Amino acid sequence: GAGVSQTPSNKVTEKGKYVELRCDPISGHTALYWYRQSLGQGPEFLIYFQGTGAADDSGLPNDRFFAVRPEGSVSTLKIQRTERGDSAVYLCASSLNPGPTRGMNFGPGTRLTVT
Amino acid sequence: GEDVEQSLFLSVREGDSSVINCTYTDSSSTYLYWYKQEPGAGLQLLTYIFSNMDMKQDQRLTVLLNKKDKHLSLRIADTQTGDSAIYFCAESDGGTSYGKLTFGQGTILTVHP
């Protein structure tokens, strides 16, 4: 595909359950980012991958959140023991190389609702 | 920590200019960005400016930066109904975490015919 894709587009889960959110970056993009956007707010940084490794995971709110990118392409954001406060739109973005002037290409997001 | 603030709403008439304002607190901000978000679409980078610049123009868009006051603005000339969207200001310090942006909460721009 031409852009960043994220699946599922919507996810409803019960409090306490485990969820996985998937991001397919643009082919060849080495940098991948996860952000979280709550209603009425701007995106909030979670984690940044350069290749397979997490270059900066300082935005992960707690140890219930974990992300992987085992082959340097697709990434999965994993949330354990979900809480209602985790409800948000989870955004993924990728860029060809890391660099402040290389605009990130954002996907449409996964809307997570924890009931 | 870093903080980025924007006014929440702006309403303009088609053909007028729009000016969206943003203030930030991080004195080490090196790069400042404007993103656009439309319903059902991903965030789109509109433009960016280095902190050592005062102004950048790109077609209908003009970015002004007052580093002393930590104030950034985005001017859209000849605003069209298709410009209706949420506009986010964002900053990064240009360190090794290039993708770690701090976003404002967004300004909802409504353009009336």
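Up top is the structure these notes are about.
Residues numbered from 1 in each chain as written. Chains lettered and ligands numbered in written order. Predicted model: local features only at pLDDT ≥ 70, side-chain atom pairs only at ≥ 80, totals over all residues. Heavy atoms only, no water.

**Considerations on the overall build of chain B**
Move 1: Looking only at helices and strands, one finds zero helices and 11 strands in chain B.
Move 2: Relative to a compact globule of 113 residues, whose C-alpha radius of gyration would be 13 Å, chain B shows 14 Å and is just as compact.
Move 3: Dimensions of chain B, computed from C-alpha atoms along their principal axes, come out at roughly 45 × 30 × 20 Å.
Move 4: Counting all 113 residues of chain B, 42% fall into the buried class.
Move 5: For chain B, restricting intrachain contacts to residue pairs at least 6 apart in sequence, the fraction spanning at least 24 positions comes to 56%.
Move 6: Summed over its atoms, the accessible surface of chain B is roughly 5,600 Å², and 47% of this surface lies on carbon and sulfur atoms.
Move 7: Of the charged side chains in chain B, 9 are positive and 14 negative; the average position of the first set lies 3 Å away from that of the second. (Helix = DSSP H or I, 4+ residues; strand = E, 2+ residues; numbered from the N terminus. Rg over C-alpha atoms; globule rule 2.2 N^0.38 Å. Buried < 20%, exposed > 50% of the residue type's maximum accessible area, 1.4 Å probe, protein only. Contact = heavy atoms within 4.5 Å. Areas by Shrake-Rupley, 256 points an atom, 1.4 Å probe, with all protein chains shown as cover. Lys, Arg positive; Asp, Glu negative; His and termini not counted. Charge placed at Lys NZ, Arg CZ, Asp CG, Glu CD.)

**With respect to unusual backbone geometry**
Move 1: Here the bond from Thr7 of chain A into Pro8 of chain A is cis, since omega is -10°, no more than 30 degrees from zero.
Move 2: Turning to its location among the elements, Pro8 of chain A is positioned in the loop between strand S1 (5-7) and strand S2 (10-13).
Move 3: Even without a glycine there, the phi angle at Arg81 of chain A is positive, about 45°.
Move 4: Note that Arg81 of chain A resides in the loop between strand S8 (75-79) and strand S9 (88-95).
Move 5: Look at Gln59 of chain B: it is not a glycine, yet its phi comes out positive at around 55°.
Move 6: With respect to the helices and strands, the residue Gln59 of chain B is situated in the loop between strand S6 (55-58) and strand S7 (61-66).

**Concerning the packing of aromatic side chains**
Move 1: Scanning the model with the defined rule gives 11 aromatic pairs over all chains in all.
Move 2: Residues Tyr35 of chain A and Phe45 of chain A carry aromatic rings whose centres are separated by 5.7 Å and whose planes lie at 75° to one another, so their mutual orientation is edge-to-face. Of this pair, Tyr35 of chain A sits in strand S4 (residues 31-37) while Phe45 of chain A sits in strand S5 (residues 44-50), placing them 10 residues apart in sequence. By the burial criterion, Tyr35 of chain A is buried, and Phe45 of chain A matches it.
Move 3: A connected cluster of aromatic rings, assembled from ring pairs, spans Tyr35, Phe45 and Phe106 of chain A together with Tyr31, Tyr33, Tyr35, Tyr48, Phe50, Phe88 and Phe103 of chain B.
Move 4: The ring of Tyr48 of chain B carries Lys56 of chain B above its face, with NZ or CZ at 3.7 Å from the centroid. (Phe/Tyr/Trp six-rings, centres within 6.5 Å; stacked < 30°, edge-to-face > 60°. Lys NZ or Arg CZ within 6 Å of the ring centre and 35° of its normal.)

**Things to note about the interface of chain A and chain B**
Move 1: Facing the 21 residues of chain A at the interface are 19 residues of chain B.
Move 2: In this assembly, chain A packs against chain B so that about 1,700 Å² is buried in total across both faces, 61% of it on carbon and sulfur atoms.
Move 3: Between chain A and chain B we count one salt bridge in total.
Move 4: The salt bridge involving Asp56 of chain A is made with Lys100 of chain B; its shortest N-O contact spans 4.0 Å.
Move 5: The interface formed by chain A and chain B holds three residue pairs in polar contact (both at pLDDT 80 or more) in total.
Move 6: Where the side of chain A that touches chain B is concerned, the elements lending two or more residues are S4 and S5 of chain A.
Move 7: When residues of the side of chain A that touches chain B are assigned to their parent elements, the largest contribution, three residues, is made by S4 of chain A. (Buried area = accessible area lost by both parts, 1.4 Å probe. Salt bridge = Lys/Arg side-chain N within 4 Å of Asp/Glu carboxyl O. Polar contact = N/O pair within 3.5 Å; in protein donor to acceptor, adjacent residues only side chain to side chain.)

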